[in-house]
Amino acid sequence: MPHFLVLLLLPFAWLYAGVMAVRNWLYDKGLKSSFAFETPVISVGNLRVGGTGKTPHVAWLVAELRTHGAKLAILSRGYGRSTKGFRLADTAVTAATIGDEPLQHYQDFGGQIPVAVAEDRRAGLTLLLAARPDLTTVVLDDAYQHRRVRPALSILLTEQQRPFYTDYVLPAGRLRESRAGARRADAVIVTKCADMLSSAQREEITRQIRRYARPNVPVLFSTYAYGEPVALGSLKKPPGTDIVLLTGIARPEPLRAYLAAAGYRIGHHARYGDHHAFSAADVAAVAAQLQPGQCVFTTQKDAVRLLEPGLRTAVAQLPVFYIPITVQFLADDATRLRQLLSPYFQPQAVV
């Protein structure tokens, strides 16, 4: 955003930040109720609107907790869905009925992890725990500002390239609340980091974060690992390195950078807004861009929406592939995060 426009919008940002500050003060002082569930709740979220990597980090946490015996579920708002209220995922759900990210989680774990959605996370947790009383942990996706639930552990995500401590509150910037909101975090993960981020750079970022977070809060650093293209359509393997890129995510820049470094040439980028509901016309427009020998690359989150019932047949006829993403931590930060999670591990049965 141009600097002059930021200055113009700052008074509105201060007003919005003030409203959020009063709201948070009421919760902090107990004047608005915040409920802690007996079943531990781990919240993952951010201060900024969109694009910090919540989905792969939630997947990492779930996989790690499962490895250590936890019986857990994921609860999300289900942003972009056409339904309302609480809904527990089953084999009949689609991105339209529960949202693309919850559906991705449900599919990634083969339906073995309960995935639910609810705008009101407190009501959703109550219904989820009633339906699954065997749960030992619930991971709340994108619930950092949902103060009606008091999590046992709150993890704040921020991008290396767009850290919260350089941003402003809406509408002058992209923060949902002021930088002071970082004080609620029990750990901060700096996401999408460069692989070779130096120790000096990590120390400086940590110093900046601790200007707003609590003293000595763990500051961890993660990066993305990109997997081999996975076929959605007619081809099982990309025919070459010339591609059309299709995205409906907040921040496609890291993917573009990876593809360029991996030797792919992007002939056309069909870029849509985050959680865009693809239409048959969108698919046809992308197909029209394809040249001989080219294929379409997209993200896993976008692939979930491209496989909606009304689009599946058209997509199956195209050479479409998604690039899977997993989280990797720098230095010894995976070990540090496991130590933070260890109270939520379950004792393994002795065979």
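Residues numbered from 1 in each chain as written. Predicted model: local features only at pLDDT ≥ 70, side-chain atom pairs only at ≥ 80, totals over all residues. Heavy atoms only, no water.

- With an unreviewed UniProt entry as reference, the protein chain is termed Tetraacyldisaccharide 4'-kinase, source organism Hymenobacter roseosalivarius DSM 11622.
- UniProt's Sequence similarities (unreviewed entry) comment on the protein chain is quoted here verbatim: "Belongs to the LpxK family."
- Under the Pathway (unreviewed entry) heading, UniProt states for the protein chain: "Glycolipid biosynthesis; lipid IV(A) biosynthesis; lipid IV(A) from (3R)-3-hydroxytetradecanoyl-[acyl-carrier-protein] and UDP-N-acetyl-alpha-D-glucosamine: step 6/6." (UniProt positions renumbered as here; feature names shortened; annotations may be inferred.)

**Quick word on the layout of surface pockets**
Reasoning step 1: Of the pockets and cavities examined, the largest pocket occupies roughly 1,000 Å³.
Reasoning step 2: Looking at the lining of the largest pocket, the elements with two or more residues in it are α2 (54-67), α4 (100-108), β8 (219-226), α7 (253-261), α9 (300-306) and β14 (325-329).
Reasoning step 3: In terms of residue count, the dominant contributor to the lining of the largest pocket is α2 (6 residues).
Reasoning step 4: Each of two domains, domain 1 (3-16 + 28-71 + 136-225 + 329-344) and domain 2 (230-323), supplies a minimum of three residues to the lining of the largest pocket. (1 Å grid on protein atoms, 1.4 Å probe; cavity = no way out; pocket = protein on both sides within 12 Å on 5 of 7 lines; lining within 4 Å. Points joined across faces, edges and corners; volume = space filled by probe spheres on them. Helix = DSSP H or I, 4+ residues; strand = E, 2+ residues; numbered from the N terminus. Domains from an automatic or database assignment.)

**Topic: the sheet that holds strand β10 (residues 242-247)**
Reasoning step 1: Read across the sheet, 5 strands follow the order β9-β13-β12-β10-β11 without closing on themselves; strand pairing throughout is mixed. The open sheet has two edge strands with one neighbour each: β9 (230-231) and β11 (265-271).
Reasoning step 2: Relative to strand β13 (residues 320-323), strand β12 (residues 295-299) runs parallel, the two sharing 4 bridges. Paired with V296 across the strands is V320, a residue of β13.
Reasoning step 3: The strands that α7 touches are β10, β11, β12 and β13; relative to β10, the one it contacts most, it runs at about 170 degrees. (Pairing = 2+ DSSP bridges. Contact = heavy atoms within 4.5 Å. Axes fitted to C-alpha atoms, helices over the stretch in contact; angles between N-to-C directions.)

**Section: helix α5 (residues 121-131)**
Quick reminder: α-helices carry 3.6 residues per turn. Residues three or four places apart thus point the same way.
Reasoning step 1: Within α5, the full set of buried residues consists of R121, G124, L125, L128 and L129. Each buried residue of α5 sits inside an arc of 125 degrees when the element is viewed along its axis, so together they form one side.
Reasoning step 2: Of the surrounding elements, those touching the buried residues of α5 are β1 (41-46), β2 (72-76), β3 (87-88), β4 (115-117) and β5 (137-141).
Reasoning step 3: Its side-chain oxygen placed 3.1 Å from the backbone nitrogen of R122, D120 serves as the N-cap of α5. (Buried < 20%, exposed > 50% of the residue type's maximum accessible area, 1.4 Å probe, protein only. Arc of directions from axis to C-beta. Polar contact = N/O pair within 3.5 Å; in protein donor to acceptor, adjacent residues only side chain to side chain.)

**Brief notes about the packing of aromatic side chains**
Reasoning step 1: A full pass over the atoms with the stated rule returns 9 aromatic pairs.
Reasoning step 2: On the numbers, 5.0 Å between centres and 70 degrees between planes, the contact of W60 with F329 is edge-to-face. With W60 in helix α2 and F329 in strand β14, this pair connects stretches of sequence that are 269 residues apart. Each of the two residues, W60 as well as F329, counts as buried.
Reasoning step 3: Here the aromatic rings of F297 and F321 are separated by 6.1 Å at their centres, their planes lie at 70 degrees, and the arrangement is edge-to-face. Of this pair, F297 sits in strand β12 while F321 is found in strand β13, placing the two residues 24 residues apart along the sequence. Of the two residues, F297 and F321, both sit in the buried class.
Reasoning step 4: Taken together through their ring pairs, the aromatic side chains of F164, Y165 and Y212 make up a single cluster.
Reasoning step 5: The side chain of R179 reaches across the aromatic face of Y168, ending 5.5 Å from its centre. (Phe/Tyr/Trp six-rings, centres within 6.5 Å; stacked < 30°, edge-to-face > 60°. Lys NZ or Arg CZ within 6 Å of the ring centre and 35° of its normal.)

**Thoughts on the domain arrangement of the protein chain**
Reasoning step 1: Its domain assignment divides the protein chain into domain 1 (3-16 + 28-71 + 136-225 + 329-344) and domain 2 (230-323).
Reasoning step 2: For domain 1 and domain 2, the distance between their C-alpha centres works out to 30 Å.

**What about the packing of α2 against helix α11 (residues 333-341)?**
Reasoning step 1: Put simply, α2 and α11 touch, their axes get as near as 11 Å, and they point 65 degrees apart. Where α2 crosses over α11, the two elements pack in a sense that is right-handed. When α2 is examined against α11, the residues W60, L61, E64 and L65 are found in contact with a partner set consisting of A334, L337, R338 and L341. (Left-handed = near helix turned anticlockwise from the far one by under 90°.)

**Points about the UniProt feature "binding site: ATP" (unreviewed entry) in the protein chain**
Reasoning step 1: Sequence positions flagged by UniProt for "binding site: ATP" (unreviewed entry) are, in local numbering, R48, V49, G50, G51, T52, G53, K54 and T55. Residues that both appear in the annotated list above and line the largest pocket are V49, G50, G51, T52, G53, K54 and T55.
Reasoning step 2: Mapped onto the fold, R48 is located in the loop between β1 and α2.
Reasoning step 3: Apart from residues no more than four positions distant in its own chain, R48 is found in contact with R162, D167, R174, L175 and R176.

**A look at the pattern of salt bridges**
Reasoning step 1: One pass over the full model with this rule turns up 21 salt bridges.
Reasoning step 2: Here E159 makes a salt bridge to R251, at a shortest N to O gap of 3.4 Å. You can see E159 sitting in strand β6 (residues 153-159) and its partner R251 sitting in the loop between β10 and α7, a full 92 residues away along the chain. Side by side, E159 and R251 carry an identical accessibility label, which is buried.
Reasoning step 3: Between E253 and R271 there is a salt bridge, with the nearest N and O atoms lying 3.1 Å from each other. Here the residue E253 occupies a position in helix α7, and R271 occupies one in strand β11, the gap between them amounting to 18 residues. (Salt bridge = Lys/Arg side-chain N within 4 Å of Asp/Glu carboxyl O.)

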